[in-house]
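Listed below are the residues making up each chain.
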There are 2 protein chains.
Amino acid sequence: MSQEISCGLEYITTPDLQACLTEALHSNYSFIVANVVHPRFRRSYIPGASKIGGFTRSDMVLSPQDWTSRIVAKISPYICVDSKSPVVRQRHEDCLNEELSYSRGLGVPAIMLSLQSRNTNNLSRILQTYYETSHHPSLIWASVPMYCTRNARRNNQDDDDECEEAWDETWHWWSKFHERLDWDKRVGVVLELSADIPPQEILKRWLGEPVKAIVIPTSIFHNNKKGYPVLSRAHQQLVVNMVEHEAQVIVSGARRSNIEYYLQYLFRLWQRRPYKADDPMLSYARGWEDYLQTPLQPLADNLDTHTYNVFEKDPIKYDQYQRAITQALIDIKHKRLNKDNKEMMNELCNDVKEFSVSNEKNEMGHGDCLQETESITVMVLGAGRGPLVRATFNAADITKSKVKVIAVEKNPCAVVVLAAQVREVWRDRDVVVIPGDMRHLNLSPKADIIVSELLGSWGDNELSPECLDGAAGLLKPDGISIPKEYNSYVAPISSPRLWAAAKVASSSTTNQKEKNLETLWVVYMQNKHDIAGTKPVFNFKHPAKGTKDHEGDELTDYRGLPLTDNRRSATVSWDVEQDNVMHGFGGYFDCSLYGGEMISIVPSTHSPGMISWFPVFIPIKTPLRVHKGETITATFWRCVNSRRIWYEWIVEVGNYTTPLHNANGRSSEMLL
Amino acid sequence: MSQEISCGLEYITTPDLQACLTEALHSNYSFIVANVVHPRFRRSYIPGASKIGGFTRSDMVLSPQDWTSRIVAKISPYICVDSKSPVVRQRHEDCLNEELSYSRGLGVPAIMLSLQSRNTNNLSRILQTYYETSHHPSLIWASVPMYCTRNARRNNQDDDDECEEAWDETWHWWSKFHERLDWDKRVGVVLELSADIPPQEILKRWLGEPVKAIVIPTSIFHNNKKGYPVLSRAHQQLVVNMVEHEAQVIVSGARRSNIEYYLQYLFRLWQRRPYKADDPMLSYARGWEDYLQTPLQPLADNLDTHTYNVFEKDPIKYDQYQRAITQALIDIKHKRLNKDNKEMMNELCNDVKEFSVSNEKNEMGHGDCLQETESITVMVLGAGRGPLVRATFNAADITKSKVKVIAVEKNPCAVVVLAAQVREVWRDRDVVVIPGDMRHLNLSPKADIIVSELLGSWGDNELSPECLDGAAGLLKPDGISIPKEYNSYVAPISSPRLWAAAKVASSSTTNQKEKNLETLWVVYMQNKHDIAGTKPVFNFKHPAKGTKDHEGDELTDYRGLPLTDNRRSATVSWDVEQDNVMHGFGGYFDCSLYGGEMISIVPSTHSPGMISWFPVFIPIKTPLRVHKGETITATFWRCVNSRRIWYEWIVEVGNYTTPLHNANGRSSEMLL
């Protein structure tokens, strides 16, 4: 989120560019918007024909620094390269190319042009050539009105449908234009605010677009009692929303007040905005907005110190685990008590030796059930540097339980820390550290409770199912797994920015483009719009039940453990309620730990303040235009072979189907 | 076109595979179709679970040679990997993978499986993995019935719409399946013929698909008077059509006759087919069907001997030129006669020296109009090895005209041939050879007639406009250009084969795919279907008129020649009358030489027997599904800069737009 508001001033005519700039800077504006070609200069440009004189002012009127930082160059507004007339089209094409090439020479930071309809085939073609032929091209700012007065005037304005269409229309201008430029991230939209405020769903859709600036016509301001220009409450909200999404502000139009006053008002408005200080996620995620990261593979790669540091700071996650462990300890004690009572009733006459309490330190590997009835064995699988061990001891203290903790960890660096903790912090605790991979250990005693936190941003994508199934032999038959269940979720989203970022991300080789659009990305998504709601995809339960054969018998592996099948496929559908462009999915998970305790990063149920997971962005190779009334159907597969796990996905809208993404895990995979 | 008919025999059960194959080969069938898994073997396949016994017969029953050349392996027909039940889906997926991997091990040439609905997401996903993981994968033959009895039964069969839908439906099964496999050329369709014959437009669409085989059920045959199985006339036509498009034939079903008789009948049917021996193109193009070639660039690269040899053999083209030159000579002589008469009337008293006849050999570069009133100067621009010079002399002999021929040629190798012809063949003719580029020559006398043949398959794509405009100074103000006008044409086509061929063509680098789908390909198209009619795109006239400035004055270059603008853009639209998939365009040209004489490769007006040009295939990057009632709108640009010419194109259907193809000529261009 932007910390500052950046304002520019638009000049409709610039009789003296230097004077205009001086005036604007003097009033604290950061930049001005001005025509690149002075309208007084007559032009007759035919390829090969000799030109008489220049076609605009000299570039000597400003310093190079001013050109490259203070000027947004506006393309002559009459230019219409998509005219129906071939002659006009060709002439205007020549003019546009001249202005683009002149702007390139000046090195202006941005070139602003206005879109006038959905047909921008030739315009976008020329801009594509501009980008292909420029070493340091400027940003392109395409301006559209928020409200299409042309559409509105055509019919009665009271007609709601027509009105909605007028709000809808200009988004199509922009979206089709951006599509033709392959969602290039150097191309953004400039929204010209209208006196009316758009409906919420229209506004939300705009917030998913790369809005580089909003133009506020001075006519929208009204004067307050003291005579200063102010905005209506609804406009204030709109401006703050846009600036929060990194839009700059351009003041434009007839000066009905001192131009300084507009700027001062906007500064005040931004400073007084409601500040969401209570969400730790907001401050934690600052600077990471829309920044794509490759998902961790903690199973294949050992985590580093920095990563442990970050995760251990989560203010919420370990509290939830502690609550779940507490509940599990209580439940086990109750169960034992019941069992003991029953057994006492039944075996009252038997030897009482069994129930004697022993304070001996446990030895691993033999003497398996001497303390069974007393000490509760908790295995922390993937203990890392110990936060879940700590949570277990806290839970034990709260419930006054006697616990034996076995901390299993495969990362030798983390084992060092764990061992140090045992020596220094947990000296009086019954705790053992076992270095090794939980999938290949055979320990006694078996655990009453297994505690693990092996989840990725999309739930099972760090291979929690495979790890926990591999460790299933460590749990007693009626033991408790924390977590006991988790689900992955997806929602179809529109986000030109995320898609463009995925397309170019680390594209060292030419073949990389496809690869990066067949990969899950961990990202704090900001500049995106949800096309439809979040729905569940895959579900995993622990301890897992085995697959059944065709006679209904549960299958087991050579160790006698249930043979689970962690392959999945799921088809999810959504109804589209607004025209949009789908660029992929937002991916989330929720997880039921134990006894009703949950952790979730699903937006509607997000555990407040939990910062350990950003969502995932799951791109699709070609963005899909979706229309109101259509249905989006996505199928996801979780594929498994003996060495790796991967996802494949396919999306259908109407008669259109995307190619299969990540066939055979060719672009992304998780190693076992 | 296939010269032979290849027939196979399908076995529903194969109690003894070796016996079946022996029987089929003994009856002269080339191969058999048989289930890869013997249905008697019970299967229970769960990953990781140990299997008891094998799941099919041993591969020792046949020789390796028989497996790799005589057996089409049929996947168990009950397998339905797109079942709604997750359990069935998973089990069948395991079975399918087992059969695929067993077939891969056997090395069978083709694996046949049947499509059962439009939903083949999981099936195609599994096959994609099969291709990704196989070094020598078999071909996949997907069989569909021509007529979907399921659809037909649902409603009254008399209803025409329902009936049409039943013919339409199975094409969608195939087409969607093939789309999901990215139109892989290793995947073909097998059509099961029905008792009824499909409507023509359905049949035509199938002929655009890669039909690898047709299945003829024995039930379609009826017995003739002598008791032998024969087909109805309509079925005969259908079978011949399909075999002409390289389909093989599979006989299937209950034997109501000796199996040899079916084969003998099919052989006879093929031998007696109507043979189109009268079209030279058919014999010339044999072996070049659907073979993609890069267009020539005769301006940038000099043609080789072989190319001249081929082109000079055209039986039609030079006849047409000769007729056009004849007409031009007649017209010039008439005009001169009129002019002479007038002048004689006006200047009767003047010196008659001007009208004296001279037999002196002309000298180039001076004495420009001494014989003007007598000899007609014909410049052949791009004379090659002389066929147009020959045509000019023929025309002169026919019209008893005195011509002076100036043959301009830039290719030094061709100049050698021309010079030899002058010495040896044209000894008595008034002919001069000028080596050099027609765009950079200044010759006297100016020409009365310029004759050139600089056209490519898409008309202007070998830069005829630029060459002739550059040579405009060589023509007298009222001189004649042959050709005087040409047009390029396009039609939207469906052709998975051409598209797949373009996609993989010469893909030495990973980035090549995009390049090859942004390039024009010269190809004799056979396996394609026209989605809509052929429409004109660009037009060029010679001598060209100059561009006008905004005051209406014609612009000229430094030499005083008209400043022509050979940039073009054109938008063409078609209504879609049948659901289809568009893979690109067929491109053609026609050319008006002079006096009503034409040459054309537009299918509807093709000059009979003219073999010099195959059409072009203009691909689009992503094939587009188009639906009855929609409109296809394509825009083509012909772009020009000082060094090169290139095309760009974009296609819109409904709300979908392709990316801009070949932006800034990044993938294909013609060098000036």
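Residue indices follow the written sequence of each chain, beginning from 1 at its first position. Chain A is the first chain written and ligand 1 is the first ligand written, with later ones labelled in order. In keeping with the model being predicted, local features are shown solely for residues with a pLDDT of at least 70 and side-chain atom pairs are shown and tallied solely at 80 or more, while totals for entire chains, interfaces and linings include all residues. To get the side-chain values, all heavy atoms of the structure are used, and hydrogens and water are removed first.

Comments concerning the pairing of strand S11 (residues 376-381) of chain A
Residues and elements named next belong to chain A.
- In terms of burial, S11 is a largely internal element, six of the six residues being buried.
- The alternating pattern of S11 places Ile376, Val378 and Val380 and Thr377, Met379 and Leu381 on opposite faces, both of which are buried.
- Pairing geometry for S11 and strand S12 (residues 403-409), over six bridges, is parallel. When the sheet's bridge partners are listed, Thr377 is paired in S12 with Lys404.
- We call a crossover right-handed when, viewed with both strands directed away from the observer, the connection leading from the first strand over the helix to the second proceeds clockwise. Note on conventions: DSSP H or I runs of at least 4 residues are helices, E runs of at least 2 residues are strands, and numbering of each starts at the N terminus. In terms of handedness, the path from S11 via helix H13 (residues 387-399) over to S12 forms a crossover that is right-handed.
- Relative to strand S14 (residues 447-452), S11 runs parallel, the two sharing four bridges. Each residue of the ladder has a partner; that of Val378, found in S14, is Ile449. When accessible area is computed with a 1.4 Å probe and restricted to protein chains, residues below 20% of their type maximum are described as buried, those above 50% as exposed, and intermediate ones as partly exposed. In short, DSSP must find at least two bridges between two strands for them to pair.

Notes on the confidence of the model for chain A
All names here are of chain A.
- The pLDDT value expresses, per residue, how confident the predictor is, ranging between 0 and 100. Overall, the prediction assigns chain A a mean pLDDT of 88, with 89% of residues at 70 or greater.
- We call two residues contacting when some pair of their heavy atoms lies within 4.5 Å. Under a pLDDT of 50 for its full length, residues 47-52 has, in the predicted model, eight contacts with residues more than four places off or in other chains.
- Segment residues 351-372 is flagged for pLDDT under 50; beyond a separation of four residues in sequence, or across chains, it makes 19 contacts in the model.

Focus on the pattern of salt bridges
- One speaks of a salt bridge when a side-chain nitrogen belonging to Lys or Arg is within 4 Å of a carboxyl oxygen belonging to Asp or Glu. Evaluated as defined, the whole model comprises 62 salt bridges over all chains.
- A salt bridge links Lys335(A) to Asp478(A); the shortest N-O distance between them is 3.5 Å. Of the two residues, Lys335(A) sits in helix H12 (residues 317-346) while Asp478(A) sits in strand S15 (residues 475-482), which places them 143 residues apart along the sequence.
- Here the salt bridges do not stand alone but share partners, grouping Glu132(A), Glu518(B), Lys621(B) and Arg666(B) into one network.

A closer look at the packing of aromatic side chains
- Pairing of aromatic side chains requires ring centres within 6.5 Å, counting the rings of Phe and Tyr and the six-membered ring of Trp. Pairs whose planes differ by under 30 degrees are stacked, by over 60 edge-to-face, and all others tilted. For the coordinates displayed, the defined rule picks out 39 aromatic pairs over all chains.
- Considering the side-chain rings of Trp574(A) and Phe585(A), the 6.0 Å spacing of their centres and the 40 degrees angle between planes classify their relative orientation as tilted. Note that Trp574(A) is positioned in strand S20 (residues 568-575) and Phe585(A) in strand S21 (residues 580-594), a separation of 11 residues in sequence.
- Under the relative-accessibility criterion, Phe585(A) is labelled buried at 0%.
- Here the aromatic cluster, defined as three or more aromatic residues joined through ring pairs, consists of Trp458(A), Phe538(A), Trp574(A), Phe585(A), Phe636(A) and Tyr647(A).
- Over the ring of Trp270(A) we find Arg273(A); its NZ or CZ atom is 3.7 Å from the centre of that ring.
- Over the face of the ring belonging to Tyr131(B) we find Arg186(B), whose NZ or CZ atom lies 4.0 Å from the ring centre. In this scheme, the term charge over a ring applies when either NZ of a lysine or CZ of an arginine sits within 6 Å of the ring centre and within 35 degrees of the ring normal.

Brief notes about the sheet that holds strand S7 (residues 211-217) of chain B
Residues and elements named next belong to chain B.
- Pairing in this closed barrel of eight strands is parallel, and the strands run S1-S2-S3-S4-S5-S6-S7-S10 around the ring. Taking the axes of each pair of neighbouring strands and ignoring which way they run, one obtains an average angle of 25 degrees across the sheet.
- As paired strands, S7 and strand S10 (residues 248-252) are joined by five bridges and run parallel to one another. From the neighbouring strand, Ile216 faces S10, where its bridge partner is Val251. Note on geometry: axes are lines fitted to C-alpha atoms, helical ones only across the stretch in contact, with angles between N-to-C directions running from 0 to 180 degrees.

Topic: the domain arrangement of chain A
- An automatic or database domain assignment is the source of the domain bounds shown. According to the domain assignment, chain A contains domain 1 (7-45 + 56-151 + 168-273), domain 2 (300-334 + 373-453) and domain 3 (483-671).
- One C-alpha centre belongs to domain 1 of chain A, the other to domain 2 of chain A; they are set 57 Å apart.

Focus: the state of the cysteines
Residue and element names in this part refer to chain A.
- Cysteine sulfur atoms that pair up within 2.5 Å are treated as a disulfide. Following the criterion strictly, the structure yields zero disulfides over all chains and no others.
- Its sulfur unpaired, Cys95 is 12 Å from the next cysteine sulfur, which belongs to Cys80.
- Judged by relative accessible area, Cys95 falls into the buried class, the value being 13%.
- The thiol of Cys467 is unpaired, and the distance to the nearest cysteine sulfur, on Cys591, comes to 14 Å.

Observations concerning the nonpolar core
- Here the nonpolar core consists of buried residues drawn from Ala, Val, Leu, Ile, Met, Phe, Trp, Tyr and Cys, with membership extended through side-chain atoms lying within 4.5 Å. In this structure, Met242(B), Ile482(B) and Phe585(B) are the most contacted members of the largest nonpolar core, which totals 185 residues.
- Here the element with the most residues in this core is strand S21 (residues 580-594) of chain B; it accounts for eight residues.

Considering the sheet that holds strand S2 (residues 31-35) of chain A
Residues and elements named next belong to chain A.
- Spatially, eight strands are ordered S1-S2-S3-S4-S5-S6-S7-S10 in a closed barrel, and the strand pairing comes out parallel. The sheet shows a mean angle of 25 degrees between the axes of neighbouring strands, taken without regard to direction.
- Its contacts with the sheet place helix H1 (residues 17-26) against strand S1 (7-10), S2 and strand S3 (71-74), and it is angled at close to 155 degrees to S2.
- Of the strands in this sheet, strand S4 (110-114), strand S5 (139-145) and strand S6 (187-192) are in contact with helix H4 (residues 121-132), which crosses S5 at around 160 degrees.

A look at the side chain of Asn527(A)
Residues and elements named next belong to chain A.
- Mapped onto the secondary structure, Asn527 falls in the loop between strand S17 (521-522) and strand S18 (529-530).
- With relative accessibility at 3%, the residue Asn527 sits in the buried group.
- Any N or O atom pair separated by 3.5 Å or less is treated as a polar contact, with the protein-specific requirement of one donor-capable and one acceptor-capable atom, and with residues adjacent in sequence counted only for side-chain atom pairs. A polar atom in the side chain of Asn527 sits 3.3 Å from the backbone oxygen of Gly208.
- Apart from the residues lying within four places of it in its own chain, the contact partners of Asn527 are Leu207, Gly208, Glu209, Pro210, Asp290, Ser495 and Arg497.

So, the side chain of Arg125(A)
- Locating Arg125(A) in the fold gives a position in helix H4.
- Given the relative accessible area of 5%, Arg125(A) is considered buried.
- A distance of 3.0 Å separates the side chain of Arg125(A) from the side chain of Glu648(B), its partner in a polar contact.

Considerations on helix H14 (residues 412-424) of chain A
Residues and elements named next belong to chain A.
- Under the convention used throughout, the expected extent of a helix is 1.5 Å for every residue step, that is, one less than its residue count. Look at H14: 18 Å from first C-alpha to last across 13 residues, which is about the 18 Å you get at 1.5 Å a residue.
- Looking at H14, one finds that the buried residues are Ala414, Val415, Leu418, Ala420 and Gln421.
- Where H14 starts, the residue carrying a side-chain oxygen 3.0 Å from the main-chain nitrogen of Cys413 turns out to be Asn411.

Examining the UniProt feature "active site" (unreviewed entry) in chain A
Residue and element names in this part refer to chain A.
- UniProt positions are given in the numbering used here, feature names are shortened, and annotations may be inferred rather than shown by experiment. Those places that UniProt annotates as "active site" (unreviewed entry) correspond, in this numbering, to Glu453 and Glu462.
- Within the fold, Glu453 resides in the loop between S14 and helix H15 (464-470).
- Since its relative accessible area comes to 18%, Glu453 is described here as buried.
- Once residues lying within four places of it in the same chain are set aside, the contact partners of Glu453 are Lys317, Tyr321, Leu381, Leu388 and Trp613.
- There is a polar contact of 2.7 Å between the side chain of Glu453 and the side chain of Lys317.
- By the element assignment, Glu462 lies in the loop between S14 and H15.
- For Glu462, a relative accessible area of 16% translates into the label buried.
- Those residues in contact with Glu462 that lie beyond four places of it in its chain are Leu296, Pro298, Leu454, Leu455 and Gly456.

As for the environment of Val243(A)
- By the secondary structure assignment, Val243(A) is in helix H8 (residues 233-244).
- In the structure, Val243(A) is positioned 31 residues away from Lys212(A) in sequence and 9.3 Å away in space, judged by C-alpha atoms.

Some remarks on H8(A)
Residue and element names in this part refer to chain A.
- Along its 12 residues, H8 runs 16 Å from first to last C-alpha, staying within 8% of the 16 Å computed at 1.5 Å per residue.
- Taking burial as the measure, the 12 residues of H8 include nine buried ones, the bulk of the element.
- Of all the positions in H8, only His235, Gln236, Leu238, Val239, Val240, Asn241, Met242, Val243 and Glu244 are classed as buried.
- Where H8 is buried, its residues contact S6, helix H7 (200-207), strand S7 (211-217), strand S10 (248-252) and helix H9 (259-271).
- A positive phi of about 75 degrees marks Glu246, the residue just after H8.

Structural notes on unusual backbone geometry
Residue and element names in this part refer to chain A.
- The step from Ser444 to Pro445 runs through a cis peptide bond, and the omega angle for that step is -5 degrees.
- The phi dihedral of Trp183 is positive, around 55 degrees, even though this residue is not glycine.
- Of note, Trp183 is situated in the loop between helix H6 (160-180) and S6.
- Given the relative accessible area of 4%, Trp183 is considered buried.
- Despite not being glycine, Leu463 shows a phi value in the positive range, around 70 degrees.

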